[in-house]
Amino acid sequence: MSTRPIVDLLQLSPDFVRDPYPVYARLRAEGPVHRVRDPDGEEKWLVVGHEASRTAFNDPRLSRDWLRSGDVSSIVSTGGDDSALAHMLMSDPPHHTRLRRLVAREFTPRRVASLAPRVQQLTDELLDAMLANGTRRADLVAAFAFPLPMTVICELLGVPELDRDAFRAWSNEMVAPSSAEAEVRAYTQTTAYLGELIVAKRERPGDDLLSAMIHAVDEGGDRLSPAELVGMSVLLLIAGHETTVNLLGNGLRALFNHPDQLADLRADLGLLDGAIEEMLRYDGPVENCTARLALEDVEMGGVTIPAGSPVLIAMADADRDPARFKDPDRFDIRRDARGHIAFGHGLHYCLGAPLARLEGRIALRTLLERCPELALDADEASLPWMSGMLIRGVRRLPVRW
């Protein structure tokens, strides 16, 4: 067994943030585990390749429970006592099992399917407003891809409409902080706001997910604590919109860059479900999993990851691995993309994946039907990308029609 020298990702490619795939492929060719310096200058261990990634997701030695087993300040600027971190993505079984059980009933296939009419209504309203622009130009992220899932998850949770712009700013700082101070401020403000909202929902519950979580009791009488209610709300708000925003943004960018595939999809919207899975595989919304903690020395692929190390699993690279997908760098909406891990794998598989797929189907179908001449209105290389290695997405997507 051996350790690895530190690989500076930006030195391998100054264009890493915009296009990390060649760097990941180069690392994968050398082995499944690497010690890297990320674009923010932080050192982590990185797992690449489809099989190695699936194995890492299921390895109990790679923990998500930083609050009990590690130094959470090494991965986030807020403190371990912040209620915003008291959620299932920061826990292992049996605690994770308990938290997931208490909210999973709100994400059943029937519950998600019942949201379709409202998602369609919101989609139509947003496109009505966008298409009323006489310049026939817009930023598709600001006008459509962001407000659709943000409105859906806020309505689902019961967050008042006037507070949604604040949530966008807080969420951006949590997933791609501009500074440690801004990240701390976002956590502090989010926690304070949700604490007040929970008090109000206790007194006047509504027909929403937050009210349901407050009053949810399982067969054994268990229920979410006040801190867990805040933490689960933070998780659902962020995960509930970031995934769909970047599914739409990245997916449309891929279609614009492959006009033959866009033409095929426009000609046959029966290809839509497969196209969405290929969008998720080809350039999914989550580049790497949230950092895991090595509870002990972990040997993988002949390399030892020391105990206490933060470990990223490169989901983006796993879905470009030629050992799993033939000609993986080719975007093909007719491909059988099943088996991708864009929504994770194992215990922490994304609870909201059915909702993201529903929103993606309705949004893309309606957009392509109503905007038959939709095209990118910028140099693709100039598009601004979110920094960091967690969420992958363009901040703006200028289009014309």
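Before any of the text, the structure's been laid out above.
Fair warning: this is a prediction, and the values are worked out from it, not measured in the lab.

The rules behind these values
Residues numbered from 1 in each chain as written. Predicted model: local features only at pLDDT ≥ 70, side-chain atom pairs only at ≥ 80, totals over all residues. Heavy atoms only, no water. Pairing = 2+ DSSP bridges. Helix = DSSP H or I, 4+ residues; strand = E, 2+ residues; numbered from the N terminus. Contact = heavy atoms within 4.5 Å. Axes fitted to C-alpha atoms, helices over the stretch in contact; angles between N-to-C directions. Parallel < 35°, antiparallel > 145°, perpendicular 65-115°, else oblique. Nonpolar A, V, L, I, M, F, W, Y, C, P; charged D, E, K, R; others polar. Expected span 1.5 Å × (residues − 1). Buried < 20%, exposed > 50% of the residue type's maximum accessible area, 1.4 Å probe, protein only. 1 Å grid on protein atoms, 1.4 Å probe; cavity = no way out; pocket = protein on both sides within 12 Å on 5 of 7 lines; lining within 4 Å. Points joined across faces, edges and corners; volume = space filled by probe spheres on them. Arc of directions from axis to C-beta. Salt bridge = Lys/Arg side-chain N within 4 Å of Asp/Glu carboxyl O.

Q: I'd like to hear about the sheet that holds strand 9 (residues 310-313), residue by residue, with values.
A: Spatial strand order, 1-2-3-9-6-4: six strands in an open sheet with mixed pairing. The sheet terminates laterally at strand 1 (6-8) and strand 4 (62-63), the two strands that pair on one side only. In the sheet, strand 3 (residues 43-47) pairs with strand 9 via three bridges, with the strands oriented parallel. From the neighbouring strand, W45 faces strand 9, where its bridge partner is V311. The sheet contacts of helix 2 (residues 21-30) involve strand 1, strand 2 (33-37) and strand 3, and relative to strand 2 the element is tilted by about 140°.

Q: Any details on the packing of helix 10 (residues 164-175) against helix 13 (residues 226-257)? Residues and values, ideally.
A: At a minimum axis distance of 10 Å, the contact between helix 10 and helix 13 shows a crossing angle of 90°. In terms of their interaxial angle, helix 10 and helix 13 are classed as roughly perpendicular. Along its contact with helix 10, which presents F167, S171, N172, M174 and V175, the element helix 13 presents V234, L237, I238, H241 and E242. The residue makeup of the contact of helix 10 with helix 13, split by class, is six nonpolar, three polar and one charged.

Q: How would you summarise helix 15 (residues 272-283) if you had to cite specific residues and measurements?
A: Given a rise of 1.5 Å per residue, twelve residues ought to cover 16 Å, and the 16 Å separating the end C-alpha atoms of helix 15 matches this to within 8%. With ten of its twelve residues buried, helix 15 lies for the most part within the structure. L272, A275, I276, E277, E278, M279, L280, R281, Y282 and D283 are the residues of helix 15 that are buried. Each element contacted by the buried residues of helix 15 is listed here: helix 2, helix 13, helix 14 (259-267) and helix 17 (353-370).

Q: Residues and numbers for empty space enclosed by the protein, please.
A: The full count for this structure, using the stated rule, is two cavities of 30 Å³ or more. By volume, the largest cavity is sized at about 60 Å³. Residue lining of the largest cavity: F167, W170, S171, M174, T190, V234, L237, I238 and H241, and that is the complete set. When contributions to the lining of the largest cavity are tallied by element, the ones reaching two or more residues are helix 10 and helix 13. Looking at the lining of the largest cavity, its residues break down into six nonpolar, three polar and no charged. Taken as a whole, the second largest cavity holds about 40 Å³ of empty space.

Q: Residues and numbers for the pairing of strand 3, please.
A: Most of strand 3 sits inside the fold, with four of its five residues counted as buried. Judged from the five bridges that link them, strand 2 and strand 3 form a sheet pairing that is antiparallel. The residue bridging V36 from the neighbouring strand is K44, located in strand 3.

Q: Run through unusual backbone geometry, naming residues and quoting values.
A: Following P93, the chain continues into P94 via a peptide bond in cis, with omega recorded as 5°. In the Ramachandran plot, R136 falls in the positive-phi region, its phi being about 55° despite a non-glycine side chain.

Q: Provide a residue-level description of the environment of A142, including the pertinent values.
A: With respect to the helices, strands and loops of the structure, A142 is situated in helix 8 (residues 140-145). Looking at A142, the relative accessible area reads 41%, which means it is partly exposed. Expressed as a C-alpha distance, the spacing of A142 and M130, which sit twelve residues apart in the sequence, is 9.9 Å.

Q: Describe in detail helix 14, supporting the description with residues and values.
A: Note that an α-helix has 3.6 residues per turn; residues three or four places apart therefore point the same way. Turning to helix 14, its buried residues are Q261, L262 and L265. Burial along helix 14 is one-sided: seen end-on, the buried residues are contained in an arc of 100°. Exposed and facing more than 90 degrees away from the buried side of helix 14 are P259 and A267.

Q: Tell me about the pattern of salt bridges, residues and numbers included.
A: Counted by the stated rule, this structure contains 29 salt bridges. Between R18 and E380 there is a salt bridge, with its nearest N and O atoms 3.3 Å apart. Taken together, the residues R18 in the loop between helix 1 (9-12) and helix 2 and E380 in the loop between strand 10 (375-376) and strand 11 (398-400) connect sequence positions 362 residues apart. The closest approach of N and O atoms between E228 and R98, which form a salt bridge, is 2.9 Å. Of this pair, E228 sits in helix 13 while R98 is found in helix 5 (residues 95-104), placing the two residues 130 residues apart along the sequence. Of the two residues, E228 and R98, both sit in the buried class. Linked through salt bridges whose partners overlap, the residues forming this network are D15, R18, R253, D283, E380 and R392.

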